[in-house]
Amino acid sequence: MEGSRSSDGTTVGLLARLLDILREENVFDSDSEPVIRFVQPEQLRGRMSVDLTEEPATREDIETAIRQTIRYSVRTFSPHFHNQLYAGVDEYGLLGSWLTDVFNTSQYTYEVAPVFTLMERLVIERSLELIGYPPLPDGDGILCPGGSISNMYGMVLARFRKFPDTKRTGIAGLPPLACFTSEAGHYSIGKGAHWLGLGTDHVYKVKTDEAGRMRPDELRAAVREARARGHEPFFVNATCGTTVLCSFDPLPEIAAICREEDLWLHVDACLGGTLLLSDKYRSRLTGIELSDSVAWNPHKMLGAPFQCSLFLAKGRNLLHEANCAGAKYLFQQDKHYDVSWDTGDKSLQCGRKIDAAKLWLMWKARGTKGLRESVDRAMSATEYFFARIEHRDGFRLVLPRYEGCNVCFWYVPKSMRGQPETRDWWDKLYRITTKIKERMMLEGSLMIGYTPLSYKNHGNFFRMVVTCQPPPTEASMDYAIEKIEQFAEDL
């Protein structure tokens, strides 16, 4: 491929040069470079020429900017990045991502994305099967720009099923609608209530048990409370893999309540849904097939490139009926091919990025067997990490056991061990957590996030996240443990 031309007429060729730059900057050698070269924002701006100017930059300026971008970006593909619910990307998924960007098309019609439309349908078909939903057309799905939007799709379909006229008349004539999620559920349910005009005061936060799972008895009580206040319950969000503790709500019990109360059951499996690929661990999502809709993010634990989020639902043509606008310039019904392959009218978006191709290429290259093995490897590493710190001096678990790929813990330095655990003692421990985090980032050797958990009255603790990419090892788990001990040695 020829490169673009600069203002002086010379061929730039940076596209052809990019792979060489990535190799020269050791992007593909994840062990040789720090996880991050951290500098404060104003210092970073001083080191990089990020200003946009009237005159075009030279080829040398552009290459310098690319190299600086690489050097100062977080290397999420490092084996020592455990900071978020995602990490590195699957190499086949990366190829799929590059391929979709080269063709720069949208997913709305078969006309402009014939191959990618086939790929999306195949990914949806296999994902429906994975959950235990009916196949197309009685099951359906769409790729979304993230789990928050996937969860909002569930809220929209739930409202449309219960009050189909709202699409035309709006919510002004309805009773106040009430939705339910656990106190550990994702904040996107509150955002969805805001965007859909329900109001955040109408999101009922259901209490959780000691393991962070929604309590069915508390859900029943919350539904009764909502009705007593004149609110109309319509939607329950259960979670498989909560954001912090990675807890799994008891789906069979929640589904039974939803059937009795005629409520739509949506499952936020954005994180935990990846365990469906594993014969060993999929039982943690028992009952997911009883739900009405599911959100799953392969860009989290599985390692698909951002963004890759699925919304899957039961109901023939329900996505289309709830969302179609019938734009005649785009979705003409007299095309020369079967227009049922045009998927854009069931989407909230018009332009929609080609996200399915990334997961399709991963699945094609590795097979379900290969994906299963990567999930089992990640879970084995998680269990190894847990076993190493369970009785290790200084480490204290937030929960006595974990169901998913997160392990949450405090680290108590030697100077604090054996002391009375007063309020001041705990406040100091919370501050030490942030200090350890600061040291690991300034050194650039490790990234693990920390968080408080207000509904459990916990201050800052570490959340160790283990993902499929890059493939974790016992050595990378040991490294994280030993580095935390080193950072806290003099605290």
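The shown structure was predicted, so the numbers you read here are calculated from the model rather than taken from an experiment.

Scoring rules and cut-offs
Every chain is numbered on its own, with residues counted from 1 as its sequence reads. Thresholds applied to this predicted model are a pLDDT of at least 70 for local features of residues and 80 or more for the giving and counting of side-chain atom pairs; totals over whole chains, interfaces and linings are not thresholded and use all residues. Side-chain metrics in this entry use all non-hydrogen atoms of the structure; hydrogen atoms and water are not considered. Only runs of H or I of at least four residues qualify as helices and only runs of E of at least two qualify as strands under DSSP, and these elements are numbered from the N terminus. As defined in this context, the radius of gyration uses C-alpha atoms, and a globule is described by 2.2 Å times the residue total to the power 0.38. Buried residues are those whose accessible area, probed at 1.4 Å on protein chains only, stays under 20% of the maximum for their type, while exposed residues exceed 50% and partly exposed ones sit between those limits. In this description, contact between two residues means that some pair of their heavy atoms is separated by no more than 4.5 Å. Note on pairing: two strands pair once DSSP finds at least 2 bridges between them. For every element, the axis is a line fit to its C-alpha atoms; helices are fit only across the contacting stretch, and the angle between N-to-C directions ranges from 0 to 180 degrees. Here, expected helix span is obtained from the residue count minus one, scaled by 1.5 Å. Regarding the arc, it is the one traced by the directions from the helix axis to the C-beta atoms.

Right, let's get into the overall build of the protein. Secondary structure summary: the protein contains 14 helices and twelve strands in total. Its C-alpha atoms give the protein a radius of gyration of 24 Å, within 12% of the compact-globule value 23 Å for 491 residues. Every one of the 491 residues in the protein was classed for burial, and the buried ones make up 52%. Here the analysis covers contacts within the protein between residues at least 6 apart in sequence; of these, 72% occur between residues at least 24 apart.

The strand order across the open sheet built from five strands is 1-11-12-10-9, with neighbouring strands paired in mixed fashion. At either end of the open sheet lies a strand with only one pairing partner, and these are strand 1 (81-82) and strand 9 (395-397). Pairing geometry for strand 1 and strand 11 (residues 447-453), over two bridges, is parallel. Each bridged residue has a counterpart across the sheet, and for H82 the counterpart in strand 11 is I448. Against the sheet, helix 13 (residues 423-443) touches strand 9, strand 10 (406-411), strand 11 and strand 12 (458-465), its axis set at about 35° to strand 12.

Turning next to helix 9 (residues 216-228). Compared with the 18 Å implied by 1.5 Å per residue over 13 residues, the 19 Å span of helix 9 between its first and last C-alpha is a close match. Three or more residues of helix 9 are buried, namely L219, A222, V223 and A226. Taken down its axis, helix 9 places every buried residue within 100° of arc, on the same side. Turned more than 90 degrees away from the buried face of helix 9, the exposed residues are R224 and A228. Considering only its buried residues, helix 9 is in contact with strand 3 (177-182), strand 4 (203-206), strand 5 (232-239) and helix 10 (251-261).

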